[in-house]
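Listed below are the residues making up each chain.
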Amino acid sequence: FRIIPGNGGIAVNCRWCGDIVKSSCAMWCVLSAILLLVIRTEGLLLCDGDCMDNPLEICNKSAVDPARLNRPVITLLGLFPCTTTRFRARGLTPAAQMAVNQINNHSPLLPDFRLQMLVNNSMCAPLPAVRSYIFQIDPDHNQQPIHAIVGPGCSSAAQPVAELANFFNLIVVSSTATSPALSNEARFPTFFRSISSDISTVDANVALIRQFGWHQVAIITENVNLFLEVSDQLKRQLAQSGLNVISSGLSYFDSSSGIPVIDTIQNSGARIVIMNVFEDSARQLFCLARSRNMIFPHFVWMSYGWYSLRWWEDKDRDSDFIANTNCTLSQMESAIDRSLSFHHLPTPTESQRTAPTDVNFTPNEFWENFTEIIRRLDYSPNEAISQASYMYDAVWMVAFALNKSIAKLPPGKTLADFNYGNTDFRNIFIESLSTLQFSGVSGDVVINNRERQPNLRMEQYRRLPNGTIKSFEFAMLPPSGSSLRYTNNESPSTVWPGGTPSDVERDHIDLGWLALYGSISGIGIVFATVYFLFNFSYRRKPIVKATSPYLNMLIITGAIFIYADVVLFGIDGRVTSDDVLKVTCNARIWAASIGFSLLFGPMLAKAVRVYFVVTRSQKDLKQRVRIDILYCLACQHWYC
């Protein structure tokens, strides 16, 4: 249903609910119409039934100050994705309603006007969003013009709406559309947002990869513009940083290509995987990865932080399995354990949470009130609850900008004179928004290049002793920084308790074979030591002296190095940490080189010595033998 203010009354438009008009839908239409007629709340938040389970309760909370009832109306169009598997955001609607209430009833902004919002379900898709937009700006439907658009919530819906809005001189302010494409000022000159672009996560990805010493990654990208642009930028920055992107050709993921994508990742040797996908696709990928044991500690997966709260818990009705997967909740939680997420959402600092703001609520007060509302509505965490503060601040952004614009309007003009053909109003609105600064419930709102520049936060999903998953912030990247700063007393040892995972596939040596060959090498070292002591102890005995005992001891020392190298080559990542393994890898080469030189160099020297004894005269034998032996040894070392 939609409740629409008419001339001298209120028109009620009951639309089709599926194939038939459900009785509950019709009942809500009738009850809402009666309620509105009784309390005359022409300035309330107007609702689309898809966006609220109990619209009567929410709309009833939107009554304006009676002193504003007869004042000119400023109408905002809210386009929110309320029914979709991609980004279900009914939680944005109560947040917008709270902002409208506060502006109308407890704010000095727009004192000569009253604010109302028409809420429509954009369904996170271009067609429904454009259809709602055209429907609401149609003068046959709305005689009063729309002054601004709040939303759409999804980038795929925001792009066509923002392009069309420019032709009607409408500003668009979104709280959740994060596509880098929307930063194109030439294409979207009237688009603003209270959040930053997804492109900002690229810096966090690169900084994190370098922080942990990884050199190669794989990227999975869903085949939509939102993710393709981020993926392209990520590849460029990784290449500029000297990092290798492998398996980037597998990029294009959809619901039917999950298994081929996982196969390609598994065969590529990549162990660090960055996902540029929606949360429903992330659930499918994690479930498939778990079925192949491609999870921590063998793999590290990275995803976006703007997913819904506890997005992995979206279960099918009457089923124990997570939606569109073959995994139970417990299996899904084991799959995402120790995976990473990147948050580019602005957040208030600890001191700001209880500090007064310019939007009536402190951050803590906002969340207390909002939590109570969604508790009454029985909304799940998967309703974009975490983005509510950005929606609240987005509505205030519009109110602040319109309020600033009043003083800049031509003489004799007011906001009530706005129409879709007046570019002067549009330019004034854009100027007011571009220089906007205020303290909101999501932190300080400072608009730069038509969006906010936040601190980038890194979080890790960790499984608690009771088996549940919780997200922990462990690092942040300042807007102008290039290296991570650990937060909340976190460190590499708390992020990776068993050592930093490797970014390459490792072939492990069977421990049984290692024990067998290690034992044989140990016996060889024992015998070699005995022979060394024998040669040293009896070196002056004629029969021993004739065998060149010092050369024998060099040969035995080389044999000990070779025996020890067998053990060194058997040590891998399962036996020791990566730091020790780096030292071990160097020790292997040195032990092999030294052992080979000491083992075969003296043998060659002994052969040459015998040759000299047999072929040379007694007169110069002693001097020449010593010089040539040293020459042979030196050549042998140089050769190795």
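Residues numbered from 1 in each chain as written. Predicted model: local features only at pLDDT ≥ 70, side-chain atom pairs only at ≥ 80, totals over all residues. Heavy atoms only, no water.

What to know about the overall build of the protein
Scanning the protein from terminus to terminus reveals 19 helices and 18 strands. Looking at the protein residue by residue over its 640 residues, the buried ones come to 51%. A separation threshold of at least 6 residues defines the contact pool for the protein, and within that pool the share at least 24 residues apart is 72%. Total accessible area on the protein stands at roughly 29100 Å², and carbon and sulfur atoms take up 56% of it. (Helix = DSSP H or I, 4+ residues; strand = E, 2+ residues; numbered from the N terminus. Buried < 20%, exposed > 50% of the residue type's maximum accessible area, 1.4 Å probe, protein only. Contact = heavy atoms within 4.5 Å. Areas by Shrake-Rupley, 256 points an atom, 1.4 Å probe, with all protein chains shown as cover.)

Focus: a nonpolar patch on the surface
Residues Ile509, Trp513, Leu516, Tyr517, Ile520, Val566 and Val567 make up a contiguous nonpolar surface patch of roughly 610 Å² in combined accessible area. At the level of elements, α15 (511-537) and α17 (549-570) are the ones that each hand at least two residues to the nonpolar patch. Along the polypeptide, Val567 turns up in helix α17. Classification of Val567 as partly exposed rests on a relative accessible area of 33%. (Patch = residues over 30% accessible without salt bridge, like charges linked within 9 Å, V, L, I, M, F, W, Y side chains within 5 Å. Salt bridge = Lys/Arg side-chain N within 4 Å of Asp/Glu carboxyl O.)

A look at the pattern of salt bridges
A side chain with one charge may pair with a side chain of the opposite charge, provided their charged atoms come close. Tallied over the entire structure, the rule returns 13 salt bridges. The partner of Arg283 in a salt bridge is Glu279, with the nearest N and O atoms 3.6 Å apart. Of this pair, Arg283 and Glu279 both sit in helix α9 (residues 279-291), separated by four residues, roughly a single helical turn. A salt bridge links Arg457 to Glu459; the nearest nitrogen and oxygen atoms lie 2.8 Å apart. A relative accessible area of 12% means that Arg457 is categorised as buried. Judged by relative accessible area, which is 12%, Glu459 ranks as buried. Through salt bridges with shared partners, a single ionic network connects Arg310, Glu313 and Glu333.

A short note on the layout of surface pockets
Taken as a whole, the largest pocket encloses approximately 1200 Å³ of empty space. In this structure, the largest pocket is lined by 40 residues; those nearest its centre are Thr347, Arg353, Tyr390, Arg457 and Glu459. Of all the secondary-structure elements, those providing two or more residues to the lining of the largest pocket are α12 (388-406), β15 (443-446), β16 (456-463) and β17 (469-477). Residue contributions to the lining of the largest pocket peak at five residues, all from β17. Its residues assigned to classes, the lining of the largest pocket comprises 16 nonpolar, 15 polar and nine charged. (1 Å grid on protein atoms, 1.4 Å probe; cavity = no way out; pocket = protein on both sides within 12 Å on 5 of 7 lines; lining within 4 Å. Points joined across faces, edges and corners; volume = space filled by probe spheres on them. Nonpolar A, V, L, I, M, F, W, Y, C, P; charged D, E, K, R; others polar.)

Structural notes on the state of the cysteines
Disulfides are covalent bonds that link the sulfur atoms of two cysteine residues. Taken as a whole, this structure holds two disulfides when the rule is applied. There is a disulfide in this structure between Cys124 and Cys154, and the S-S distance comes to 2.0 Å. Taking the sign of the S-S torsion, -105° for the link of Cys124 and Cys154, the bridge is left-handed. Of this pair, Cys124 sits in the loop between β4 (114-121) and α4 (126-137) while Cys154 sits in the loop between β5 (146-150) and α5 (155-167), and the two are 30 residues apart along the sequence. Taken individually, Cys124 and Cys154 each receive the classification buried, so the pair is uniform in this respect. Across a sulfur-sulfur distance of 2.0 Å, Cys287 and Cys327 are joined as a disulfide pair. Here the S-S torsion is close to 95°, and the disulfide linking Cys287 with Cys327 is therefore right-handed. Pair noted here: Cys287 is in helix α9 and Cys327 is in the loop between β12 (300-304) and α10 (329-336), with a separation of 40 residues, a long-range link. Judged by its relative accessible area of 9%, Cys287 falls in the buried class. The class for Cys327 is buried, based on a relative accessible area of 2%. (Disulfide = S-S within 2.5 Å.)

Comments concerning the packing of helix α6 (residues 200-211) against helix α7 (residues 225-240)
The N-to-C vectors of α6 and α7 enclose an angle of 40°; their axes lie 9 Å apart at closest approach. With respect to their mutual orientation, α6 and α7 come out oblique. Between α6 and α7 the crossing geometry is right-handed. Contacts between α6 and α7 pair Thr201, Val202, Asp203, Asn205, Val206 and Ile209 from the former with Val230, Gln233, Leu234, Gln237 and Leu238 from the latter. Per-class residue counts for the contact of α6 with α7 are six nonpolar, four polar and one charged. (Axes fitted to C-alpha atoms, helices over the stretch in contact; angles between N-to-C directions. Parallel < 35°, antiparallel > 145°, perpendicular 65-115°, else oblique. Left-handed = near helix turned anticlockwise from the far one by under 90°.)

Considering the packing of helix α11 (residues 363-377) against α12
The interhelical angle for the contact between α11 and α12, taken along N-to-C directions, is 110°, at an axis separation of 11 Å. One way to sum up the angle between α11 and α12 is to call them roughly perpendicular. Between α11 and α12, the contacting residues are Phe366, Trp367 and Phe370 on the first element and Ala388, Ser389 and Tyr392 on the second. Residues that form the contact of α11 with α12 fall into these classes: five nonpolar, one polar and no charged.

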